[in-house]
Structure formats: C-alpha cells, structure tokens
Amino acid sequence: MEPILKIRNLSIDYKVNNGTLRACDNVSLDIYKGDIVGIIGESGSGKSTLASGILKTIKSPGEISEGQIIYCDKEDKEIDLLKLTEEEYAKYRWSNITTVFQAAQNVLNPTLKIKEHFLETAWAHNNKLTKHEILDKTKELLKNVRLEERVLDSYPHQLSGGMKQRTIIALSLLLSPDILILDEPTTALDVITQWYIMDILRKVHEEMGITMIFLTHDVSVIGSIVDRLGVMYAGELVEYGMVEDIFKKPTHPYTYGLMHAIPSLHDDVSKRKAIPGYPPNLLELPDSCRFAPRCYLYKDGICDGDSKKTDKLYTSGPDQLTRCYMWEKVNKICR
Ligand code: ATP
Ligand code: MG
C-alpha cells in the first residue's frame, strides 16, 4: 500500500530571543491511506508544530527549515505540499487535508448560527453547491456526530463544549477531505465526553474510511482506536510502528517508560512508575541522545559524543522503527 502522506526529514524552527529552537527535528514518517495514526509525546515535544507543518500553518517566528511532505491526492498524483504557494495550498486545506484542534470550539463565530458556518465554509471552497445540497450534506454529517438537526438554528453559545466540538468535527468533514488531523481534540472536555467523541470518530472512520492523525499527550485516549503509533520526544520521532507491537514490545526506552507509566484498571497502580527527570530544554540540548539523561540504558560513548548512534531510525520489527541503537535491550533490562 502506498502512503497517502510521506513526511521526509521535516525540520521546523522557531527563532526566539535567545536562539533558534528546533521544535520538530528531522522527522520522517509514512501515513497510509485509511489508517488511524496516533502521535504521542509530552507537552512541548513538537506535536502541534508537526501538525502545523503538515497543514502549512506555521506562523512567525516559526519556519519550516527543511524537508518534504508528499501528499498523494484523490487521483493518486503526488504533490509536495511544502513547494506550494499559500494560494495553491489553500485549495487542499478543507477539501483534502483538514484539522480539528483543542481550542477548535473557539473558531465558531458567536454571531453566526451553526447552519451559516456550514454554508459559508462550503461556499468559500466550492461555489457550485446549492444551499439545499449543502444543508442536506450537513444534516447527514450532524447525524454522524450524533447531533440533532435543530442545532442548525442554534448559535454557538447555546451548545455545550462537547456539542461544539462535534459540530466542528462535522464541519471539518463537509468537503469530504481524505486526511483529518486532530490535535488534542478532546483535551478540554470531561472524561465521559472524551470517550463519547472518540467513539464517534471511530464510527466516522468506519463509515468514511478517512485517514486520521491524532496528536495527544494522553495515549490512554487514543490507544484503542489507532492502527499505528508514533512517539515524539524533544522534537524527534523516537519510535513508530503498529500500535499492538509498540504496546507489547516497545523498542525505545522512552516508549517503554511511557507504557509503564500508564495506569490500567487491571493492575496494581502502585507498580506504575513515572519516568524520572524532565525533557531537555530545546535551546540547550545535550550532546547525546536527547533521552540519555533519563535513560536506564544510557552508555557512555555510544549515546553521546562524536560516535553517537542515536541520530537515525533503526528497524526494530517487521513494521517498527526506533531511534535507540540498543533497542533489543529495551524490554530485557528493567529499572
Ligand atoms: P502540548 O502537548 O503542550 O500541546 P506540543 O507537543 O504540541 O505540546 P509544540 O506546541 O509543538 O508542542 O511545541 C514544541 C516546542 O516549540 C516547545 O518548546 C514550544 O515552546 C515551542 N514553540 C511552539 N510554538 C512556538 C512559538 N510560536 N514561538 C516560539 N516557540 C514555540
Ligand atoms: Mg500541542
């Protein structure tokens, strides 16, 4: 199967007062058509920066310093998104690649009824559709996200947070995109609403087969719905593979730490261990693997210095990649 999105050596920098901060460092990743991909990582690991890179919405002081993002469109034509001008990319945003983010609810205009949001969005991108056609499609989408038709005549403030987020999801699907990027789509919501929305997204995926990319710090929210999982640490992608392989046999010490820090209903919570220490400051990166200061596998001379072997991704399984050269030891040595 060909990837629908090929991200190659993507680096994104923010120029700040005291230097250049590389929030996304040399990230390469294949996203397959129809898959649900999760990207997890602590706050500040570069998830939103990566999402903005794909959507080409990086704003100053940020800039994409290198890389390629190849999108395979609905006619199987390959397009390097980063080479497009803003005007050219605008044709793809909404219609092909779209997003729902954490604070998305705030994008609803308080002075417009919900139905006006749908009409305006559709007309802004395709002026051939009639009002009737747009509203028919809207009603269908509202049904998919389990909202009643009557919300069409509501103003945003008349809806709960969860209803607004579901409205945004329906709106993002209006132009039948083939990639939906969801950046912390449920973080601002209570736990029950989070699960409800994840269930809706799972059904939407089943019905529409749309490729979904979830970015979140909370693997427990997405673990049961994603096919593949990527793990980011301090701007780098440190592991990528099928979710069940990564859960069963993580091959990066950071992923191992994350998996053993998540409490589950079935085990002894007191055995759960948080990873000691903190991620590095991106402006003062260690001269070693970025995870080395927190790593139980750290080896002098291998994980740092000129001979550092942690600069590339190694194949650690049939469909699994890791940045750790000692990946075979990850599951054998426990702290
Ligand atoms: P979170 O889980 O908190 O949303 P994240 O993984 O999405 O975090 P990003 O928001 O991509 O992380 O941030 C990555 C790094 O880039 C952080 O160190 C952050 O401080 C920095 N950064 C993000 N946006 C900007 C900006 N506009 N200007 C300067 N630095 C930025
Ligand atoms: Mg973020």
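Here's a quick rundown of the structure.

Rules of the game
Residues numbered from 1 in each chain as written. Chains lettered and ligands numbered in written order. Predicted model: local features only at pLDDT ≥ 70, side-chain atom pairs only at ≥ 80, totals over all residues. Heavy atoms only, no water. Helix = DSSP H or I, 4+ residues; strand = E, 2+ residues; numbered from the N terminus. Buried < 20%, exposed > 50% of the residue type's maximum accessible area, 1.4 Å probe, protein only. Polar contact = N/O pair within 3.5 Å; in protein donor to acceptor, adjacent residues only side chain to side chain. Phe/Tyr/Trp six-rings, centres within 6.5 Å; stacked < 30°, edge-to-face > 60°. Pairing = 2+ DSSP bridges. Axes fitted to C-alpha atoms, helices over the stretch in contact; angles between N-to-C directions. Contact = heavy atoms within 4.5 Å.

Notes on the environment of glutamate 184
The topology assignment puts glutamate 184 in the loop between strand E7 (179-183) and helix H6 (191-208). Given a relative accessible area of 9%, glutamate 184 falls into the buried group. Separated by 99 residues in sequence, glutamate 184 and leucine 283 have C-alpha atoms that sit 25 Å apart. A distance of 2.9 Å separates a polar atom in the side chain of glutamate 184 from a polar atom in the side chain of histidine 217.

Points about the packing of aromatic side chains
Taken as a whole, this structure holds six aromatic pairs when the rule is applied. Their ring planes at 90° and their centres at 5.2 Å tell us that tyrosine 233 and phenylalanine 291 sit as a pair that is edge-to-face. In this pair, tyrosine 233 is assigned in strand E9 (residues 228-233) and phenylalanine 291 in the loop between helix H9 (253-259) and strand E11 (314-317), connecting sequence segments 58 residues apart. Here the two residues tyrosine 233 and phenylalanine 291 agree in accessibility, since each one is buried. Three or more aromatic residues link up through ring pairs in this structure, and these residues are Tyr233, Tyr254 and Phe291.

Digging into the sheet that holds strand E5 (residues 78-80)
The four strands lie next to each other as E2-E1-E4-E5, forming an open sheet whose pairing is antiparallel. Edge positions in the open sheet fall to strand E2 (19-32) and E5, since each of these has one partner strand only. Across the sheet, the axes of successive neighbouring strands diverge by a mean angle of 5°, strand direction being ignored. Helix-sheet contacts for helix H1 (residues 47-55) involve strand E1 (3-16), E2 and strand E4 (62-72), and the interaxial angle to E1 is about 115°.

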